[in-house]
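Given next are the chains, with one letter for each unit.
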Amino acid sequence: MDKYEVLKQYFGYDEFRDGQNVLIDSILEGRDTLGIMPTGAGKSLCYQIPALLMGGITIVVSPLISLMKDQVEALNQAGVHAAYLNSSLTVNQYYTALRYAKEGRYPIIYVAPERLDTGEFLDFAMHTDISMVAVDEAHCVSQWGQDFRPSYLKIVTFIEKLPKRPVVSAFTATATAEVRADIADILRLREPLVTTTGFDRPNLYFAVQSPKDKFAALLNYVERHKGESGIIYCLTRKYVEDVCARLQAEGFSVTRYHAGLGDGERKSNQEDFIYDRADIMVATNAFGMGIDKSNVRYVVHYNMPKNMESYYQEAGRAGRDGEASECILLYGGQDVVTNQLFIDNNRENDELDEFTAEVVKERDRERLRKMTFYCFTNECLRDYILRYFGEYGENYCGNCSNCLSQFETVDVTESAAAVVNCVSACRQRYGINVILDTVHGANTAKIRQYRMDENPQYGVLAKVPLYRLRQIINHLLLKEYLMLTTDGYSIVKLTEKSRQITCGEEQITMKMPKEAEKETKKHKETKGKKKKTAGLSAADEPMFEKLRELRMEIAREEKVPPYLVFSDKTLVHMCVEKPADRAGMLSVSGVGEYKYEKYGERFLEEIQKLC
Ligand code: ADP
Ligand code: MG
């Protein structure tokens, strides 16, 4: 068999996606390989397919039990023998799995990093032909990453103990240069082939909203997406409890996840979501890594997360199946404050020396600032994300709330000058709110206490609404006409560019949303939603529903998540193609031979009934 036959027979796909070919070929040539691809791009196939072609055993190191379980179930569904070795197995199960592995029954086994230096596992590894060690979520080896796991450092020692060095491959979705370099260094990859595929996820629609009433906005959104699977991320446990309870009271099928719940409850809530028993998961960032659920149609951030890395990773859990999905961020000023508190009180840094801890904090504040800018930019959101990860996007994607909004270019030179002059006149001593209140002419105790009512700019912009002023100052910060100190106090300071404004050398223009834009935007969002079932005509909707029901029935019988039976995308294809026989069914993307043998007939029957 060659790689195309494996792809078709086991996974039911006709084509490789961007990056997969190169990575698979490199591994098959026996070269160390590092693949950097965004969430949902299809990294697993990059090591699973070579594993099936190479002979010997591939050991996949993966950080989480749920992740291993999901992948092994998916492989078993596809007709590949695979197993995992981790602490969720009883001693007996563990030894049985190890014995089968020794007998060569599994081409692929998943192992928790903690197991790598245990006696029985080493004993097994020393006497087995290990063709590859694949490190999934490889950023876990890096302290610069967000999910550093000390046990990942055991991987190198393990590899070095093996009698014959296997091919080593590593995969991650984390794109920053530090982390990439760390992975190659720490894992001691030998002249690896490194491939980074585009970070763009064209099927995801991005939007930022700053609603006065977040819950009302959320409610409106989930109403319009009833029956779809979605995740709502909140910054704190309290928000999770609150939002979940209120949605429940509104009659939604919803569950929750955060670190304050007991193990048992977390697990069962997670399963309710994965098995489609609950449509909506409300969670903190504790939820998600290891959730490969492919049919998540939207991810709403109820709060702005701490940085773009987290945002893109969490938002990226939408639409893994490639179908159109939405990523909505509900911004509120309080989110910045909460995140700042998290940074200042981050106990993970306790073990660091004072200097390093300060460097880390500084870096975190900078990341938070970039995240905040994302919420304020009027430029293409996708472009902003891609630039953040070092790619150059187009200035217009046509599939984000900014590209779909009507903007007008407004000259804000005069307001900008007043703001900069105000900062200068108070000798750069105050934060954003004091500055804005001053130019706006607020009569508050604080303003009087700081004697800002005596500032020459006091009240000169009284006619400009505060939200506009906020947009303007954010624009000035974004374009570095002003800056914020990062020692925790966030004082507005002048920069080298400030003078260009006060001297009247520079005209400052800004893209502002047109006031009458709201309706059209809403309209476009619903239109965006329709794209979800792209290629599915209204006439085919009932068939899609029927097939989903059948899928649920099978999932219940087999005790696997519905999306492991067939993905939404595969069901859509079936509705479009309406296959009448085995050959027709096998031409549907996502239907491999093994799955056809198991479920093909039942789906064919259902389709014929409806035709
Ligand atoms: P990642 O680990 O990169 O986040 P996964 O390996 O979990 O992504 O793959 C995401 C989804 O994409 C899975 O449902 C997988 O079956 C699907 N997929 C992977 N490769 C292909 C392909 N070549 N064609 C179609 N679907 C694919
Ligand atoms: Mg993965």
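Residues numbered from 1 in each chain as written. Chains lettered and ligands numbered in written order. Predicted model: local features only at pLDDT ≥ 70, side-chain atom pairs only at ≥ 80, totals over all residues. Heavy atoms only, no water.

1. A few points about the site of ligand 1
Point 1. The environment of ligand 1 is formed by 15 residues, the closest being Y13, E15, G40, K43 and S44.
Point 2. Between ligand 1 and the protein, one listed contact pairs a nitrogen atom with a side-chain N or O atom of Q20 at 2.9 Å.
Point 3. At 2.8 Å from an oxygen atom of ligand 1 is found a side-chain nitrogen or oxygen belonging to K43.
Point 4. Alone, ligand 1 offers 570 Å² of accessible surface; in the complex the protein occludes 83% of this.
Point 5. Looking at the shell around ligand 1 residue by residue, the classes come out as five nonpolar, five polar and five charged. (Near = heavy atom within 4 Å. Polar contact = N/O pair within 3.5 Å; in protein donor to acceptor, adjacent residues only side chain to side chain. Areas by Shrake-Rupley, 256 points an atom, 1.4 Å probe, with all protein chains shown as cover. Nonpolar A, V, L, I, M, F, W, Y, C, P; charged D, E, K, R; others polar.)

2. Quick notes on the UniProt feature "domain: HRDC" (unreviewed entry) in the protein
Point 1. UniProt records the feature "domain: HRDC" (unreviewed entry) at residues 537-611, using the numbering of this structure.
Point 2. For the annotated span residues 537-611, helix accounts for 73% and strand for 0% of the residues, and the straight-line distance between the end C-alpha atoms is 14 Å. (UniProt positions renumbered as here; feature names shortened; annotations may be inferred. Helix = DSSP H or I, 4+ residues; strand = E, 2+ residues; numbered from the N terminus.)

3. Here we look at unusual backbone geometry
Point 1. The backbone of E137 shows a phi angle near 50°, a positive value even though the residue is not glycine.
Point 2. What makes E137 buried here is its relative accessible area of 17%.
Point 3. A positive phi angle, close to 50°, is found at R188, a residue other than glycine.
Point 4. Looking at the secondary structure, you find R188 in the loop between α8 (177-186) and β7 (193-196).
Point 5. Judged by its relative accessible area of 49%, R188 is partly exposed. (Buried < 20%, exposed > 50% of the residue type's maximum accessible area, 1.4 Å probe, protein only.)

4. Here's the deal with the sheet that holds strand β8 (residues 204-209)
Strands belonging to one sheet form pairs held by backbone hydrogen bonds; the direction of such a pair is parallel or antiparallel.
Point 1. Strand order in this open sheet of six strands is β8-β13-β12-β9-β11-β10, and the pairing throughout is parallel. For this open sheet the edge positions go to β8 and β10 (254-257), each flanked by a neighbour on one side alone. With direction set aside, neighbouring strand axes in the sheet form an average angle of 15°.
Point 2. Note that strand β9 (residues 229-233) and strand β12 (residues 296-301) share five bridges and pair parallel. (Pairing = 2+ DSSP bridges. Axes fitted to C-alpha atoms, helices over the stretch in contact; angles between N-to-C directions.)

5. Here's the deal with the packing of helix α12 (residues 308-315) against helix α15 (residues 381-388)
Point 1. Interaxial distance between α12 and α15 falls to 11 Å at its minimum, and their mutual angle equals 120°. Judged by the inter-axis angle, α12 sits oblique to α15. Of the two elements, α12 crosses α15, and the hand of that crossing is left-handed. Contact with α12, carried on its side by M308, E309 and Y312, involves Y384, I385 and Y388 of α15 and no other residues of that element.
Point 2. Considered class by class, the residues forming the contact of α12 with α15 number five nonpolar, no polar and one charged. (Parallel < 35°, antiparallel > 145°, perpendicular 65-115°, else oblique. Left-handed = near helix turned anticlockwise from the far one by under 90°. Contact = heavy atoms within 4.5 Å.)

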